Amino acid sequence: MCTGWCEERCTSVSGRRQRGKGVDLHSWLRISLLFSALWGQVSPQCPDSCHCAWDTATVLCSDAGLRDIPEGIPLDTVSLHLERNYIRNIPESAFSDLVHLRDLYLSHNRIDSLASGALRHLGPELRLLDLSHNQLRQASREEFGSTRAKTRLYHNPWHCDCALQELMETLNLEPETVNGIVCESSVRVVGEGSRWEDPGSQGENAGQPLVKLLDSGVNFCSLQRKTTDVAMLVTMFVWFFMVIVYVVYYVRQNQAEARRHLEYLKSLPSPRKTPTETDTLSTGF
């Protein structure tokens with residue numbers, strides 16, 4: 001049985017223990033808040049309307065109602081999903097900082113234009129580029145740069161011309177999707193009546209896969225070269241004609257000037273002979 005002194009002693013020890021626990025709990029909370037603040041400053045932020053899986057470096061922005069490429073994409077992103085949105089164009093610097101990007105999904109959007117060099121900044125680690133199911137009509141090698149990623153371009157309303165033909169020969173297209181690159185319209189080729197492009201006509205090749213047209217011998221670039229040759233010939237003819245006209249004009253002007261000068265000389269009075277000169281001439285001296 002504890003005496004009064006003992007009870008007082010026990011109460012004093014118990015109070016110190018509770019105060020010690022309170023101090024430890026307060027310190028722990030302060031340290032936790034400090035680490036949380038520091039972690040919030042250094043940890044990457046996920047773009048609005050997107051979900052980020054940090055363990056796989058994947059950014060999911062699918063079906064997010066986006067109209068533009070979102071800002072603030074983490075720099076260490078490996079896989080970026082932007083499919084099934086309302087994106088209409090890709091600016092030149094959209095992916096310039098994503099040097100670790102391997103998979104870029106842009107299918108099922110409304111992309112109808114690519115800025116010059118829009119995909120040129122994609123790093124060499126890119127393995128897949130999906131631009132299928134969009135509104136692309138024209139594209140060239142300048143927009144894609146030197147990427148060697150497997151590329152999907154099917155289900156776009158392509159206008160088949162020399163630039164698209166050269167792009168097809170440059171890109172690493174996914175084999176199973178190549179037949180889906182169909183010409184909705186095309187430039188006219190030799191044998192279609194006119195060698196000049198009719199913007200209001202879809203052309204004889206509309207509705208046909210571009211790869212089959214190329215395999216059958218259609219060459220859109222040969223038409224462009226022939227058109228360029230014709231333009232050069234016309235330019236040279238015009239230049240030569242202008243030179244001839246100038247030469248003829250110059251000669252006629254000189255002839256007219258010479259004729260006027262001769263008439264002027266004829267109009268001058270002839271010098272009169274003195275008597276001495278006449279006598280001298282008559283005597284032979």
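Residues numbered from 1 in each chain as written. Predicted model: local features only at pLDDT ≥ 70, side-chain atom pairs only at ≥ 80, totals over all residues. Heavy atoms only, no water.

Draft legend 1. Just the overall build of the protein chain, in detail. The number of helices and strands found in the protein chain is six helices and eleven strands. A total of 285 residues make up the protein chain; the buried ones form 32% of that total. Within the structure as shown, the protein chain displays about 19300 Å² of accessible surface, and the carbon and sulfur contribution to it stands at 56%. (Helix = DSSP H or I, 4+ residues; strand = E, 2+ residues; numbered from the N terminus. Buried < 20%, exposed > 50% of the residue type's maximum accessible area, 1.4 Å probe, protein only. Areas by Shrake-Rupley, 256 points an atom, 1.4 Å probe, with all protein chains shown as cover.)

Draft legend 2. Local environment of the UniProt feature "domain: LRRNT" (unreviewed entry) in the protein chain. Mapped onto this numbering, the UniProt entry annotates "domain: LRRNT" (unreviewed entry) at residues 45-79. Measuring from the first to the last C-alpha atom of residues 45-79 gives 16 Å, for a span that is 0% helix and 20% strand. (UniProt positions renumbered as here; feature names shortened; annotations may be inferred.)

Draft legend 3. Here's a closer look at the packing of aromatic side chains. Enumeration according to the criterion identifies zero aromatic pairs in this entry. Positioned over the ring face of Tyr86 is Arg67, at 5.5 Å from the centre of the ring. (Phe/Tyr/Trp six-rings, centres within 6.5 Å; stacked < 30°, edge-to-face > 60°. Lys NZ or Arg CZ within 6 Å of the ring centre and 35° of its normal.)

Draft legend 4. Main features of the sheet that holds strand 1 (residues 51-53). Taking strand neighbours across the sheet as the criterion, the seven strands line up as 1-2-3-5-7-8-10 in an open arrangement whose pairing is mixed. Edge positions in the sheet fall to strand 1 and strand 10 (172-173), since each of these pairs with one other strand and no more. With three bridges connecting them, strand 3 (residues 79-81) and strand 5 (residues 103-105) associate as parallel partners. Of the residues in strand 5, the one forming a bridge with Ser79 is Asp103. (Pairing = 2+ DSSP bridges.)

Draft legend 5. Representation of the nonpolar core. One finds Phe95, Leu131 and Phe144 to be the most contacted residues of the largest nonpolar core, which totals 45 residues. Going through the elements one at a time, strand 9 (158-160), helix 3 (162-170) and helix 4 (210-215) are the ones with two or more residues in this core. (Core = buried A, V, L, I, M, F, W, Y, C linked by side-chain atoms within 4.5 Å.)

Draft legend 6. Up close: the pattern of salt bridges. Under the defined criterion, the tally for this structure stands at seven salt bridges. Between Arg84 and Asp63 there is a salt bridge whose closest N-O contact spans 2.9 Å. Separated by 21 residues along the polypeptide, Arg84 in the loop between strand 3 and strand 4 (89-90) and Asp63 in the loop between strand 2 (58-60) and strand 3 bring together distant segments of the chain. By relative accessible area, which is 51% here, Asp63 ends up exposed. For Arg127, the salt bridge goes to Asp103, with nearest N and O atoms at 3.1 Å. Of this pair, Arg127 sits in the loop between strand 6 (113-114) and strand 7 (128-130) while Asp103 sits in strand 5; the two residues are 24 residues apart in sequence, bridging distant segments of the chain. Within this structure, Asp130, Arg152 and Glu174 form a network of salt bridges that share partners. (Salt bridge = Lys/Arg side-chain N within 4 Å of Asp/Glu carboxyl O.)

Draft legend 7. Examining the state of the cysteines more closely. For the structure shown, the criterion picks out four disulfides. Bridging Cys46 to Cys52, the disulfide has an S-S length of 2.1 Å. Here the S-S torsion is close to 90°, and the disulfide linking Cys46 with Cys52 is therefore right-handed. Classification of Cys46 as partly exposed rests on a relative accessible area of 25%. Judged by its relative accessible area of 10%, Cys52 falls in the buried class. (Disulfide = S-S within 2.5 Å.)

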